[in-house]
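Structure assessment
Listed below, chain by chain, are the residues.
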Amino acid sequence: DSGVTQTPKHLITATGQRVTLRCSPRSGDLSVYWYQQSLDQGLQFLIQYYNGEERAKGNILERFSAQQFPDLHSELNLSSLELGDSALYFCASSPITGLNTEAFFGQGTRLTVV
Amino acid sequence: SQQGEEDPQALSIQEGENATMNCSYKTSINNLQWYRQNSGRGLVHLILIRSNEREKHSGRLRVTLDTSKKSSSLLITASRAADTASYFCAKDGGSNYKLTFGKGTLLTVNP
């Protein structure tokens, strides 16, 4: 158990809908990262937050947004969902942001868009 | 584009044999990390090697790093069926911390 909790584990929704994925980082970790894993694209970095502030942005679509709250949990909002958004979404956390730090991954949320 | 491209894409061996996976990257790194993922589950950190290190060991794992060739290798010795998983290398570079993953090597260890 990495200590990173993601909910829900599975989500099935229709095209055009909006969903929210939630992540609770390990106790004390200030950095949260979101990744999308699909068969064709592999593991894609979406976005990073550190202590409530956005720190780095990757291949995140405009339809997607995220935030990190004062209690350090994070939410990833996906809107106007398309079939191609079906993927595993992972959250990871680390104590700090910077060099030589490993990331601890949650078990992921499997999103299926039908 | 993906940084950290693993080779081979798939590897099938017998229990007790050694498994070697390679990773290449394109730009400079602060460190390179290896992760394991069991089917459909979260990634587990295995080992981190810094850019000024050449070799690192952790149990049955041995990682090497050649910054001149921009490549790394992961060796799993005396493999077990439980080692069956996908293995990813991840590049950590730049001032904004983000790990950039390759597409992974699927290792199958047959009992």
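Everything discussed here concerns the structure shown above.
Let me begin by describing the structure that accompanies this report. (Residues numbered from 1 in each chain as written. Chains lettered and ligands numbered in written order. Predicted model: local features only at pLDDT ≥ 70, side-chain atom pairs only at ≥ 80, totals over all residues. Heavy atoms only, no water.)

This brings us to the layout of surface pockets. In this structure, the largest pocket spans a volume of roughly 680 Å³. Residue lining of the largest pocket: 25 residues in total, with Gln-37 and Leu-39 of chain A together with Gln-37, Ser-86 and Phe-88 of chain B positioned closest to the centre. Elements with a minimum of two residues in the lining of the largest pocket: strand E4 (31-38), strand E9 (87-94) and strand E11 (109-113) of chain A together with strand E1 (5-7), strand E9 (85-92) and strand E11 (105-110) of chain B. Residues that form the lining of the largest pocket fall into these classes: seven nonpolar, 14 polar and four charged. (1 Å grid on protein atoms, 1.4 Å probe; cavity = no way out; pocket = protein on both sides within 12 Å on 5 of 7 lines; lining within 4 Å. Points joined across faces, edges and corners; volume = space filled by probe spheres on them. Helix = DSSP H or I, 4+ residues; strand = E, 2+ residues; numbered from the N terminus. Nonpolar A, V, L, I, M, F, W, Y, C, P; charged D, E, K, R; others polar.)

Here we come to the sheet that holds strand E3 (residues 19-24) of chain B. All names here are of chain B. If you walk across this open sheet you meet the five strands as E1-E3-E8-E7-E6, and the pairing is antiparallel. The sheet is open, and its two borders are formed by E1 and strand E6 (55-58), each paired with just one other strand. For this sheet, the mean angle separating the axes of adjacent strands, direction not counted, is 20°. The pairing of E3 with strand E8 (residues 71-76) spans six bridges and is antiparallel. When the sheet's bridge partners are listed, Asn-22 is paired in E8 with Ser-73. (Pairing = 2+ DSSP bridges. Axes fitted to C-alpha atoms, helices over the stretch in contact; angles between N-to-C directions.)

Applying the stated rule across the entire model yields two disulfides over all chains. Through a disulfide, Cys-23 of chain A is tied to Cys-91 of chain A; the S-S separation comes to 1.8 Å. Between Cys-23 of chain A and Cys-91 of chain A the sulfur-sulfur dihedral comes to about -50°; the bridge is accordingly left-handed. A residue pair is termed long-range when its members are at least 10 positions apart, and Cys-23 of chain A in strand E3 (residues 19-24) and Cys-91 of chain A in strand E9 qualify at 68 residues. Its relative accessible area of 0% is what places Cys-91 of chain A among the buried residues. Across the disulfide from Cys-23 of chain B sits Cys-89 of chain B; the S-S distance is 2.0 Å. Of note, the bridge from Cys-23 of chain B to Cys-89 of chain B carries an S-S torsion of about 70° and is right-handed in sense. Of this pair, Cys-23 of chain B sits in strand E3 while Cys-89 of chain B is found in strand E9, placing the two residues 66 residues apart along the sequence. Using a relative accessible area of 2% as the deciding quantity, one classes Cys-23 of chain B as buried. (Disulfide = S-S within 2.5 Å. Buried < 20%, exposed > 50% of the residue type's maximum accessible area, 1.4 Å probe, protein only.)

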